[in-house]
Amino acid sequence: MTHPEPWPLRHLVLRTPRLELRPDDDDGLRELVEEAHLGVHPPDVMPFLVPWTDVEPAHLGHRALQHFWSQRAQFGPEKWTINFLVRVDGRAIGTQGLTGTDFRILREVQTGSWIGLRHQGRGIGTEMRAAVLAFAFDHLGAVSARSSAFWDNPASLRVSERLGYRHDGTTTVARRGRPSEDARLLVTPSRFVRPHWTLQVEGVDACRPLLGLPAQ
């Protein structure tokens, strides 16, 4: 007797000219933790709403694994997050998240990401965000995508600007014990500044029911 694939996300893959993006697995997460230990941002700045890089190095690895495991465990049609591991030359260098809440109804996604400090400044952040936007708009039928960045995170803001996002207000949050203004950003398929390359996608059809979409 043939049973349905219990975790079809393991067959999902996005490919760009330089990158391969696959949903997180345990071997890849160990590589990701190693990259995090090498540095994600200078110590005098905090680009993240949740300051996870402030954790003591002795605890960074297992807490990162617990975070990704918890999101896998809670994955369902009503709310899901695909944490794509971003690989260059077969090695995980960062992660690009794609989240949908009531996606079947709202058709909206949110993104969040990071890459190792030693890989920054090469356009990888733009390429991996463009990949998940193309995936969401063209393969999942999303009608909008949201992101956010602190005003003192110009690299993330530049990525959003290049891809066609518009500003959609601000939110004031506590960051390292001080109030900080977080810029909200929004892009739609018609505003999306598409890359010169075409995204290659495998394994999406089997994932659709997990994402709250009808099977094809």
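Scroll up a little and you will see the structure.
Cut-off values and rules
- Residues numbered from 1 in each chain as written.
- Predicted model: local features only at pLDDT ≥ 70, side-chain atom pairs only at ≥ 80, totals over all residues.
- Heavy atoms only, no water.
- Salt bridge = Lys/Arg side-chain N within 4 Å of Asp/Glu carboxyl O.
- Helix = DSSP H or I, 4+ residues; strand = E, 2+ residues; numbered from the N terminus.
- Buried < 20%, exposed > 50% of the residue type's maximum accessible area, 1.4 Å probe, protein only.
- Pairing = 2+ DSSP bridges.
- Axes fitted to C-alpha atoms, helices over the stretch in contact; angles between N-to-C directions.
- Polar contact = N/O pair within 3.5 Å; in protein donor to acceptor, adjacent residues only side chain to side chain.
- Contact = heavy atoms within 4.5 Å.
- Parallel < 35°, antiparallel > 145°, perpendicular 65-115°, else oblique.
- Left-handed = near helix turned anticlockwise from the far one by under 90°.
- Nonpolar A, V, L, I, M, F, W, Y, C, P; charged D, E, K, R; others polar.
- Phe/Tyr/Trp six-rings, centres within 6.5 Å; stacked < 30°, edge-to-face > 60°.
- Lys NZ or Arg CZ within 6 Å of the ring centre and 35° of its normal.

1. What to know about the pattern of salt bridges
Tallied over the full model, the rule gives 18 salt bridges. Linking Glu127 and Arg18 is a salt bridge whose minimum nitrogen-to-oxygen distance equals 2.8 Å. Remark: Arg18 occurs in the loop between strand 1 (13-15) and strand 2 (20-23) and Glu127 occurs in helix 4 (residues 124-139); sequence separation between them is 109 residues. Glu127 gets classed as buried once you look at its relative accessible area, which sits at 8%. For Arg18, a relative accessible area of 37% translates into the label partly exposed. The closest approach of N and O atoms between Asp168 and Arg146, which form a salt bridge, is 2.6 Å.

2. Describing the sheet that holds strand 3 (residues 79-88)
The strands that make up a sheet pair up through hydrogen bonds in the backbone, lying either parallel or antiparallel. Read across the open sheet, the nine strands follow the order 7-8-6-5-4-3-2-1-9; overall the sheet is mixed. The sheet is open, and its two borders are formed by strand 7 (166-175) and strand 9 (200-202), each paired with just one other strand. Within the sheet, the average angular offset between the axes of one strand and its neighbour, ignoring direction, is 25 degrees. Where strand 1 meets strand 9, three bridges bridge the pair, whose relative direction is antiparallel. Paired with Val13 across the strands is Glu202, a residue of strand 9.

3. A short note on the side chain of Thr16
Here Thr16 is to be found in the loop between strand 1 and strand 2. Within the structure, the side chain of Thr16 is placed 3.0 Å from the backbone nitrogen of Leu19, a separation counted as a polar contact. Excluding its chain neighbours within four sequence positions, the residues that come into contact with Thr16 are Glu127, Ala131, Trp197 and Leu199.

4. Thoughts on the side chain of Glu127
Side-chain polar atoms of Glu127 contact the side chain of Thr16, separated by 2.5 Å. Ignoring any residue separated from it by four or fewer positions in sequence, one finds Glu127 in contact with Thr16, Pro17, Arg18, Leu19 and Trp197.

5. Remarks on the environment of Ala142
For Ala142, the location among the structural elements is in the loop between helix 4 and strand 6 (144-150). Once the C-alpha coordinates of Ala142 and Asp54 are considered, the two residues, 88 residues apart in sequence, prove to be 34 Å apart. Sequence-distant contacts of Ala142, defined by excluding residues within four places in its chain, comprise Phe103, Arg107, Val109, Ala136, Phe137 and Pro189.

6. A closer look at the packing of helix 4 against helix 5 (residues 154-163)
It is the contact of helix 4 with helix 5, at a shortest axis distance of 10 Å, that shows an interaxial angle of 50 degrees. Judged on the interaxial angle alone, helix 5 and helix 4 are oblique. In the packing of helix 4 onto helix 5, the handedness of the crossing is right-handed. On helix 5, the residues that touch Gly125, Thr126, Arg129, Ala130 and Leu133 of helix 4 are Ser156, Val159, Ser160, Arg162 and Leu163. Looking at the contact of helix 4 with helix 5 residue by residue, the classes come out as four nonpolar, four polar and two charged.

7. Describing the environment of Thr95
Positionally, Thr95 belongs in strand 4 (residues 91-101). On the accessibility criterion, Thr95 (5% relative accessible area) is buried. With 103 residues separating them along the chain, Thr95 and Thr198 place their C-alpha atoms 20 Å apart. If we skip the residues at most four places from it in the chain, Thr95 touches Leu32, Phe68, Asn83, Phe84, Val86, Gly112, Ser113, Trp114 and Met128. Polar side-chain contacts of Thr95 include one of 3.1 Å to the backbone oxygen of Phe84.

8. As for the packing of aromatic side chains
Throughout the structure, instances matching the rule amount to seven aromatic pairs. Where Trp80 meets Phe103, the ring centres are 5.6 Å apart and the plane angle is 70 degrees; that geometry is what we call edge-to-face. Of this pair, Trp80 sits in strand 3 while Phe103 sits in helix 3 (residues 103-106), and the two are 23 residues apart along the sequence. Taken together, the ring pairs connect Trp7, Phe75, Trp80 and Phe103 into an aromatic cluster. Positioned above the aromatic ring of Phe150, the side-chain terminus of Arg175 is 4.0 Å from the ring centre.

9. Digging into unusual backbone geometry
For residues other than glycine, phi is negative in most cases, and the peptide bonds are mostly trans. The backbone of Asp89 shows a phi angle near 55 degrees, a positive value even though the residue is not glycine. Tracing the backbone through its elements, the reader meets Asp89 in the loop between strand 3 and strand 4. A positive phi angle, near 55 degrees, is found at Arg107, a position not held by glycine. Counting through the fold element by element, Arg107 comes out in the loop between helix 3 and strand 5 (108-115).

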